Amino acid sequence: MISGMVMIFVALWFYQTAMKVKANNVMMWVAIGAVGFFALVWLLQSVNVYILESLRSNEGGAGYEAIQGADRKNQGDFLGFAGILKSLYLELSPSIIGFVAIAFVRLKFLTKENFSVSHLFSGIKEIFGSIKQSFKTTE
């Protein structure tokens, strides 16, 4: 759910940037941003599942075999503060890492600017401003 909302945000960000730099094939850049973000999130979620299964298989034995088809969130390793941190990492890391990677692609291939943090995330404030303007009504 979070990744889906971020993917819509990335598509808007790529559209606005492509229009600003007057790029050819604006919709191609929007598709590159959205599909690239989706692919990165899918890959990172697969890596997270692999890591989680590796950690759980170390426990081994009948306990691991018993939870293969069960609701795993109710198992002991997700209880407590460490479980909360693990859940937050597994949920948010694909979206955050994917967003930063796609921001780098936008910077190097679409805007062709030098690398800096301000250039990497430029245009985000304008997107929120244009979204805010779209909800205003004229009287």
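As a starting point, this report considers the structure included with it.

Conventions adopted
Residues numbered from 1 in each chain as written. Predicted model: local features only at pLDDT ≥ 70, side-chain atom pairs only at ≥ 80, totals over all residues. Heavy atoms only, no water. Helix = DSSP H or I, 4+ residues; strand = E, 2+ residues; numbered from the N terminus. Buried < 20%, exposed > 50% of the residue type's maximum accessible area, 1.4 Å probe, protein only. Areas by Shrake-Rupley, 256 points an atom, 1.4 Å probe, with all protein chains shown as cover. 1 Å grid on protein atoms, 1.4 Å probe; cavity = no way out; pocket = protein on both sides within 12 Å on 5 of 7 lines; lining within 4 Å. Points joined across faces, edges and corners; volume = space filled by probe spheres on them. Nonpolar A, V, L, I, M, F, W, Y, C, P; charged D, E, K, R; others polar. Expected span 1.5 Å × (residues − 1). Bend = angle between axes of the 7 residues up to and from the residue. Core = buried A, V, L, I, M, F, W, Y, C linked by side-chain atoms within 4.5 Å. Contact = heavy atoms within 4.5 Å. Patch = residues over 30% accessible without salt bridge, like charges linked within 9 Å, V, L, I, M, F, W, Y side chains within 5 Å. Salt bridge = Lys/Arg side-chain N within 4 Å of Asp/Glu carboxyl O.

Things to note about the overall build of the chain
- When helices and strands are counted, the chain shows 6 helices and 0 strands.
- When the helices and strands of the chain are read in sequence order from the N terminus, they spell out α-α-α-α-α-α.
- Going through the 139 residues of the chain one by one, you find that 29% of them count as buried.
- For the chain, the exposed area adds up to about 9400 Å²; of that, 68% sits on carbon and sulfur atoms.

Structural notes on the layout of surface pockets
- Of the pockets and cavities examined, the second largest pocket occupies roughly 150 Å³.
- Along the walls of the second largest pocket sit Trp13, Gln16, Thr17, Lys20, Val21, Arg106, Thr111, Glu113, Ser122, Gly123 and Glu126, which together make up its complete lining.
- The greatest single-element share of the lining of the second largest pocket, amounting to 4 residues, is contributed by helix 1 (residues 2–20).
- A breakdown of the residues in the lining of the second largest pocket according to their chemical character gives 2 nonpolar, 5 polar and 4 charged.

Observations concerning helix 4 (residues 80–111)
- In this model, helix 4 (32 residues) spans 45 Å end to end at C-alpha, consistent with the 46 Å of a helix rising 1.5 Å per residue.
- Its axis deflected by about 40 degrees at Leu92, helix 4 carries its strongest bend there, up to four residues before the proline Pro94.

Focus: the nonpolar core
- In terms of nonpolar packing, the biggest core is built from 18 residues, with Val10, Trp13, Phe14, Phe37 and Phe99 touching the most fellow members.
- Those elements that place two or more of their residues in this core are helix 1, helix 2 (26–57), helix 4 and helix 6 (124–134).
- If one sorts the elements of this core by residue count, helix 1 sits on top with 6 residues.

A word on the side chain of Ser95
- With respect to the helices and strands, the residue Ser95 is situated in helix 4.
- Setting aside residues up to four positions removed in sequence, Ser95 forms contacts with Ile2, Ser3, Phe37 and Val41.

What about helix 1?
- When the terminal C-alpha atoms of helix 1 are compared, their 27 Å separation across 19 residues agrees well with the 27 Å that a helix rising 1.5 Å per residue should span.
- Residues of helix 1 that are buried in the fold lie against helix 2, helix 4, helix 5 (117–120) and helix 6.
- Backbone geometry just after helix 1 places Lys22 at a positive phi near 55 degrees.

Re a nonpolar patch on the surface
- Where nonpolar side chains cluster on the molecular surface, the patch consists of Ile2, Phe81, Ile84, Leu85, Leu88, Leu92, Ile96 and Val100 and spans about 710 Å² of accessible area.
- Ranked by residues supplied to the nonpolar patch, first place goes to helix 4 with 7 residues.
- The residue Leu88 is located in helix 4 in this model.

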